[in-house]
Amino acid sequence: MPPGPAADDAPDNAAPFPSTGPHGHRGRMRDKLLTRGADALADYELLEMLLFFAQPKGDTKPLAKRLINRFGSYGGVLAASNEALLECQGVGPHTAAAIRLAQASALRLVQAEARALPVLNNMERLMAYLGAALSREPVEQSRVLFLDPRNRLLADELTARGTVNHTPLYPREVVRRALEVHATAIILVHNHPSGDPTPSREDIATTLEVRDAAELLGIVLHDHIIVGNGRWTSLREEGVI
């Protein structure tokens, strides 16, 4: 017996609320967003409307609430992995892609804001970006921010993904890449999926190794930032650098 349609490719007659006209629920939600703004919408309503684009017909509110319950928040849904999303009842490839697109758009926005001003004079926006990019990651990942002589962001690159509590970082590769993009300074960044941004002995040792390797070629290590869940630690502020 052939498999049934994907969750977000169901036939129209399977939708419990097939009406999507301007006088229906979707029309009222759209009008609420456009006339009163996004602040007038609860998190599940934002997600419900996002799911409109993946599921052109039907009631998406139950799925929106289910996803928020599963992942803890609207942000948790956006940060969820493709694999975790597709394990949820009612989520198919179109829905997962819509959620991934929303996450990417949010990250591009805060990244653009972080690029607009010198990074070291704009820590609030920088931490908003890093928090959005890393705070809900289920495994450790290391990133390097490459800066120009005015401390503006040249590039933000993922250098490694690891396990739930370890990510390898190779000082030689970091410095080589800094030379390739003509960076004069760098900021190391990684996350602690546990939510606790306290640096480990290995974090401190790696920081000092990168600092020493960079200094040999005239590149400044400004900081090593560890991102937790809603918290972060600067190793410069901690006196490590």
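Below, the structure is looked at part by part. (Residues numbered from 1 in each chain as written. Predicted model: local features only at pLDDT ≥ 70, side-chain atom pairs only at ≥ 80, totals over all residues. Heavy atoms only, no water.)

With that out of the way, let us pick up helix 1 (residues 25–36). An ideal rise of 1.5 Å per residue puts 16 Å on 12 residues; helix 1 measures up with 16 Å between its terminal C-alpha atoms. Where helix 1 is concerned, the buried positions are Arg26, Gly27 and Met29. End-on, the buried residues of helix 1 take up no more than an arc of 165°, which puts them together on one face. The exposed residues of helix 1 that point more than 90 degrees off its buried face are Arg28, Thr35 and Arg36. In this fold, the buried residues of helix 1 make contact with helix 2 (43–54). Count one or two residues on from helix 1 and you reach Gly37, which has phi positive near 90°. (Helix = DSSP H or I, 4+ residues; strand = E, 2+ residues; numbered from the N terminus. Expected span 1.5 Å × (residues − 1). Buried < 20%, exposed > 50% of the residue type's maximum accessible area, 1.4 Å probe, protein only. Arc of directions from axis to C-beta. Contact = heavy atoms within 4.5 Å.)

Roughly 270 Å³ of volume is contained in the second largest pocket. Along the wall of the second largest pocket there are 14 residues; nearest its centre are Gln103, Ala104, Leu107, Ala133 and Arg143. Taken together, the elements giving at least two residues each to the lining of the second largest pocket come down to helix 6 (93–116), helix 7 (123–134), strand 1 (141–147) and strand 2 (153–161). In terms of residue class, the lining of the second largest pocket is built from 6 nonpolar, 3 polar and 5 charged. (1 Å grid on protein atoms, 1.4 Å probe; cavity = no way out; pocket = protein on both sides within 12 Å on 5 of 7 lines; lining within 4 Å. Points joined across faces, edges and corners; volume = space filled by probe spheres on them. Nonpolar A, V, L, I, M, F, W, Y, C, P; charged D, E, K, R; others polar.)

This part covers the packing of aromatic side chains. With the rule as written, the count across this model stands at 0 aromatic pairs. Lying over the aromatic face of Tyr44, Lys65 brings its terminal NZ or CZ to 4.7 Å of the ring centre. (Phe/Tyr/Trp six-rings, centres within 6.5 Å; stacked < 30°, edge-to-face > 60°. Lys NZ or Arg CZ within 6 Å of the ring centre and 35° of its normal.)

Let's shift gears to the environment of Val175. Its place among the elements puts Val175 in helix 8 (residues 171–180). What makes Val175 buried here is its relative accessible area of 7%. Separated by 38 residues in sequence, Val175 and Ala213 have C-alpha atoms that sit 7.1 Å apart. Residues within four places of Val175 in sequence aside, it is in contact with Ala213, Ala214, Leu217 and Ile219.

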